[in-house]
2 protein chains.
Amino acid sequence: MNISEAARRSGLSAKTIRYYEDIDLIAPAARGDNGYRQYDSKAVEELHFLARAREVGFDLLECRQLLELQRDRRRQSRHARQLVLEKSQQLQTRIEQLVAMQNVLQAMADRCKGDEGPECAILEDLAGASEGEGGV
Amino acid sequence: MNISEAARRSGLSAKTIRYYEDIDLIAPAARGDNGYRQYDSKAVEELHFLARAREVGFDLLECRQLLELQRDRRRQSRHARQLVLEKSQQLQTRIEQLVAMQNVLQAMADRCKGDEGPECAILEDLAGASEGEGGV
DNA sequence: CTTGACCTTACAGCCACGGGAAGGTTTACA
DNA sequence: TGTAAACCTTCCCGTGGCTGTAAGGTCAAG
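Keep in mind the model is a prediction, meaning the values are calculated, not measured.

Got a sec to walk through the packing of helix H3 (residues 41-55) of chain A against helix H4 (residues 60-71) of chain A? Specific residues and values, please.
Residues and elements named next belong to chain A. Taken N-terminus to C-terminus, the directions of H3 and H4 make an angle of 135°; their axes are 10 Å apart at the nearest point. Judged on the interaxial angle alone, H4 and H3 are oblique. As H3 runs across H4, the sense of the crossing is right-handed. Seen from H3, the contacting residues are Glu-46, Phe-49, Leu-50, Ala-53 and Arg-54; seen from H4, they are Leu-60, Cys-63, Leu-66, Leu-67, Gln-70 and Arg-71.

A description of the protein's contact with DNA strand D should follow, citing residues and the corresponding values.
Taken together, 19 residues sit near DNA strand D, with Lys-15, Tyr-20 and Tyr-36 of chain A together with Arg-18 and Arg-37 of chain B positioned nearest. Of everything in DNA strand D that lies within 4 Å of the protein, sugar and phosphate atoms constitute 73%. Between DNA strand D and Ser-13 of chain A there is a distance of 3.0 Å, counted from a phosphate oxygen to a side-chain nitrogen or oxygen. Contact between DNA strand D and Lys-15 of chain A: a base oxygen at 2.6 Å from a side-chain N or O atom of the residue. Broken down by secondary-structure element, the contributors of at least two residues to the surface near DNA strand D are helix H2 (14-22) of chain A together with helix H1 (3-10) and helix H2 (14-22) of chain B. It is H2 of chain A that contributes the most residues to the surface near DNA strand D, four residues altogether. Taken together, the residues that form the surface near DNA strand D break down as six nonpolar, six polar and seven charged.

So what's going on with H2 of chain A? Residues and values would help.
Residues and elements named next belong to chain A. For H2, the set of buried residues is Ile-17, Tyr-20 and Glu-21. Each buried residue of H2 lies within a common arc of 100° when the element is viewed along its axis, so the set occupies one face. Counted as exposed and oriented over 90 degrees from the buried face of H2: Lys-15 and Asp-22. Directly after H2, the chain includes Asp-24, whose backbone phi takes a positive value near 60°.

I'd like a description of the domain arrangement of chain A, backed by residues and values.
Domain parsing of chain A yields domain 1 (1-57) and domain 2 (76-130). Relative to domain 2 of chain A, the C-alpha centre of domain 1 of chain A lies at a distance of 36 Å.

Could you give me a rundown of the packing of H1 of chain B against H2 of chain B, with the residues and numbers involved?
All names here are of chain B. Running from N to C, H1 and H2 cross one another at 100°; their axes reach a closest spacing of 8 Å. Accordingly, the angle class assigned to the pair H1 and H2 is roughly perpendicular. Where H1 approaches H2, its residues Ile-3, Ala-6, Ala-7 and Ser-10 are matched on the opposing element by Ala-14, Ile-17 and Arg-18. Looking at the contact of H1 with H2 residue by residue, the classes come out as five nonpolar, one polar and one charged.

So what about the environment of Arg-54 of chain B? Which residues, and what values?
All names here are of chain B. With respect to the helices and strands, the residue Arg-54 is situated in helix H3 (residues 41-55). On the basis of relative accessibility, which here comes to 37%, the residue Arg-54 falls in the partly exposed class. Through-space distance from the C-alpha of Arg-54 to that of Leu-67 is 12 Å; in sequence the pair is 13 residues apart.

Kindly report on the interface of chain B and chain A, identifying the contributing residues and their values.
Taken together, the contact between chain B and chain A spans 52 residues of the former and 52 residues of the latter. With both sides pooled, the region where chain B packs onto chain A buries about 4600 Å², and carbon together with sulfur makes up 64% of that total. Interface area lost by chain B to chain A is led by Leu-105, Leu-123 and Leu-126 of chain B, which between them contribute 15%. Applying the counting rule to chain B against chain A returns two salt bridges. Of the charged contacts, one joins Glu-116 of chain A and Arg-78 of chain B as a salt bridge, the two residues approaching to 3.4 Å between their closest N and O atoms. Put simply, the parts of the chain that give the side of chain B that touches chain A at least two residues each are H3, helix H4 (60-71), helix H5 (77-111) and helix H6 (121-127) of chain B. Per-element accounting of the side of chain B that touches chain A gives the leading share, 21 residues, to H5 of chain B.

Thresholds, definitions, all that
Residues numbered from 1 in each chain as written. Chains lettered and ligands numbered in written order. Predicted model: local features only at pLDDT ≥ 70, side-chain atom pairs only at ≥ 80, totals over all residues. Heavy atoms only, no water. Axes fitted to C-alpha atoms, helices over the stretch in contact; angles between N-to-C directions. Helix = DSSP H or I, 4+ residues; strand = E, 2+ residues; numbered from the N terminus. Parallel < 35°, antiparallel > 145°, perpendicular 65-115°, else oblique. Left-handed = near helix turned anticlockwise from the far one by under 90°. Contact = heavy atoms within 4.5 Å. Near = heavy atom within 4 Å. Polar contact = N/O pair within 3.5 Å; in protein donor to acceptor, adjacent residues only side chain to side chain. Nonpolar A, V, L, I, M, F, W, Y, C, P; charged D, E, K, R; others polar. Buried < 20%, exposed > 50% of the residue type's maximum accessible area, 1.4 Å probe, protein only. Arc of directions from axis to C-beta. Domains from an automatic or database assignment. Buried area = accessible area lost by both parts, 1.4 Å probe. Salt bridge = Lys/Arg side-chain N within 4 Å of Asp/Glu carboxyl O.

Here it is, written out as structure tokens:
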């Protein structure tokens, strides 16, 4: 099948598939007489694997490692598990950061009247408060 | 004061301050006889404002809008509030995405033995499951 | 025979900077 | 006075993970 069909089936874009080939994440695709890339179901499976790994937050370097494990018959599942737990921890950290940011935003919004006037707790907060300035 | 002192006081890096000037986010700094950028406390306040806005998740386009409001005496606080609420909503969406990803990772890790053997629920999940394949 | 949907490569751009080169200035100290 | 370190300047490249666009070749339908 051609690249757009492989894209449709794998969940990646054709652009992305070419890019993955470019950076040697996947092996160069076979080519037809016309020079078009050809994909079989095995290739599509690998692409789909990558799409899934990206969806759950792995970057391309980690995808490379996961793909190596996937290809290695003598792999040890603890390596995959390690990658997953590390990624989970990274997500946890990031989530906590975002929640903290959101809490600050909510606190700002709560204190701002949000009317037609210029007085604005949000802008005052952004201007002044870094810590210890505007306590209760 | 020179740029590194302004950086220290504002919480931005000198690089970032120059970059903000480059993209016209802030006005070009005054220059001393030697060509060095000079900052007064008013300029530092604006830099600090930007640092705070970035910390809570605003991108540079939004920072531009916030800065306009901050400079405008006839602003309406509802505009700032609107920006904050939109950003909060964006963070909420992103947080939910990350939590969903993390749940998937945790579910994978829970089902993987993580031992010396090659059998690995994680790699099977990444390879196969997209939806409806691996039910209860 | 043309139209449109594919495919190819190659290069630019996105965001928000950071790194580093190559050079000028200032400051501290021997 | 010399010099070394610590500043400062501009400039351009690299990051991640793509997407967009240009300029062309190919293929299937009518």
